[in-house]
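# Observations on chain architecture
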Amino acid sequence: MSTHTAPSRATSPQAAGAPISTARYVAGALFGLASVTIWAGWMSITRLGVTSSLGVFDVTMLRYATAGLVLLPVLLRHGLGLDRAKPWQLLVMIIGAGAPYAVVAGFGLRTTPAGQAGVLIPGVMPLFVALISALALRERFSMQRRVGYALILASVALIAGVGAVASGLGSGIGHLLCMAGAFMWACYAVALRKSGLGALHAVAVVSVGSAVLYLPLYAMVHGFTVLDAPLRDVVFQAVYQGVFATVISLFLFARSVALLGASAGAAFGACVPVMAALMAIPILGEVPSGTDWLGIFAATIGVYLASGGPLPRRG
C-alpha cells in the first residue's frame, strides 16, 4: 500500500463542471488503473517476500532504504514542513504510514491471504478515518458514506469473523494485525489532512524519517543478514517496495486525479480489494473462498460509497 492520499488541491475539469474529452478520460483511467494495480499488487508482493526468503524486518528495511534515498532530494528541497505541520503530526505520519506500519502490516500478511488483506487494510481504512474524524474533528457524514461504512463492517464480519472461525487462531491474529495496520494508516491520513502538506512532500517526510529512525535499529539487530537472501529477491523487493509502491504509484494517482477529478480517484481506489484478490491467484496461488468473495465485493462497494464516488443521477 502506497504512502499517500489524493492531492488536496488538485484541480480538474470534473471539479469545475466541464466535460471531459474521450482522450482525457482514457488517459486518466489508464493512470488510475496503473496506480491501483501497484497498490493491489503490494499485498501479494509483500506476502511473497515475508513468507519466502526475506523476513518482515528485511522487507521494511529495503522499502525505506530505497524510498528514503529516492525522495531525499524532495525533503532537502522542501524541508520537514514544520512551518505548516506540528511535530506531533509528522510523528503520527511516520508511525502511521512508515516503518512501524510496514512491520505491523507485514506480520499480518504472513498469516493472512492477500485477498483478505486487501479488505482488512485498504478496505477498512476509510472506516477508521471516519471514526477518528467523527471523534476528534466532529465531522458528519452523508447517508451515502454511512451506507458505505456499513458495507465495510459487513465485509469485516465475513472475513475476520466467519473466516477467522474457519481458519483458526493464527489467521485471527493476522486479521487483527491487518486491521491494526489499517488503523495506523487512518491516523496518518487524518494527520496529513490536518498538516496541510502536499502528497509528495508527505511521502518524502515519511520515507526519509523512517529510513533515519529504522535503519540504524535494523543494522544493530540484524546486521547484513539480508544479504543471505537471493540477490534477485532483494533487488525485486527493494525496487517494488521503495520505487513502485511508494513513488510511482503516487505519481500515477496524482495524474489520474488531475485529469479526472478527486471523485474518480476515489472510484479507482475502491478497486483495490477485488484487484488484490485477483492478483493473488496467479502470484501466490491463493483462491478466495465464497465467503471471502462476498466480503471482497462488499468492501469494494463500501469503499466506493464511503470515498464519495459519484452515483447515477436521476432524470
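Because the structure is predicted, anything quoted here is derived from the model rather than measured.

A few words on the overall build of the protein. The secondary structure content of the protein amounts to 14 helices and zero strands. Tracing the protein from N to C terminus, the helices and strands come up as α-α-α-α-α-α-α-α-α-α-α-α-α-α. The burial tally for the protein puts 52% of its 315 residues in the buried class. Taking as baseline every contact in the protein between residues at least 6 positions apart, the subset at least 24 positions apart corresponds to 87%. Carbon and sulfur atoms provide 71% of the accessible area of the protein, an area that totals close to 14100 Å².

On to helix α2 (residues 22–50). Between its terminal C-alpha atoms α2 stretches 42 Å, which fits the 42 Å expected from 29 residues at 1.5 Å a residue. At W42, α2 shows its largest kink, close to 30°.

Time to look at a nonpolar patch on the surface. On the surface, L231, V235, V239 and F244 cluster together to form a nonpolar patch covering roughly 350 Å² of accessible area. By the secondary structure assignment, V239 is in helix α11 (residues 231–260).

With that settled, consider helix α7 (residues 125–136). Taking 1.5 Å per residue, twelve residues should reach 16 Å; α7 reaches 16 Å between its end C-alpha atoms and fits that length. Burial in α7 covers these residues: M125, P126, L127, F128, V129, A130, I132 and S133. Positive backbone phi, at 55°, marks R138, one or two positions downstream of α7.

Take the pattern of salt bridges next. If you walk through the whole model with that rule in mind, you get two salt bridges. Close ionic contact of E286 with R47 constitutes a salt bridge, the shortest N to O distance being 2.5 Å. With E286 in the loop between α13 (272–284) and α14 (290–306) and R47 in helix α2, this residue pair connects regions lying 239 residues apart in the sequence. For the residue pair E286 and R47, the accessibility class agrees, reading buried in each case.

What follows concerns the packing of helix α4 (residues 87–97) against helix α5 (residues 99–111). Closest axis-to-axis distance for the α4/α5 pair is 3 Å, and the angle between their directions is 25°. As far as their axial angle goes, α5 and α4 are roughly parallel. Here α4 contributes I94, I95, G96 and A97 to the contact with α5, which in turn contributes A99, P100 and Y101. The class makeup of the residues in the contact of α4 with α5 is six nonpolar, one polar and no charged.

Thresholds, definitions, all that
Residues numbered from 1 in each chain as written. Predicted model: local features only at pLDDT ≥ 70, side-chain atom pairs only at ≥ 80, totals over all residues. Heavy atoms only, no water. Helix = DSSP H or I, 4+ residues; strand = E, 2+ residues; numbered from the N terminus. Buried < 20%, exposed > 50% of the residue type's maximum accessible area, 1.4 Å probe, protein only. Contact = heavy atoms within 4.5 Å. Areas by Shrake-Rupley, 256 points an atom, 1.4 Å probe, with all protein chains shown as cover. Expected span 1.5 Å × (residues − 1). Bend = angle between axes of the 7 residues up to and from the residue. Patch = residues over 30% accessible without salt bridge, like charges linked within 9 Å, V, L, I, M, F, W, Y side chains within 5 Å. Salt bridge = Lys/Arg side-chain N within 4 Å of Asp/Glu carboxyl O. Axes fitted to C-alpha atoms, helices over the stretch in contact; angles between N-to-C directions. Parallel < 35°, antiparallel > 145°, perpendicular 65-115°, else oblique. Nonpolar A, V, L, I, M, F, W, Y, C, P; charged D, E, K, R; others polar.

In short, shape yes, function no, at least from these values alone.
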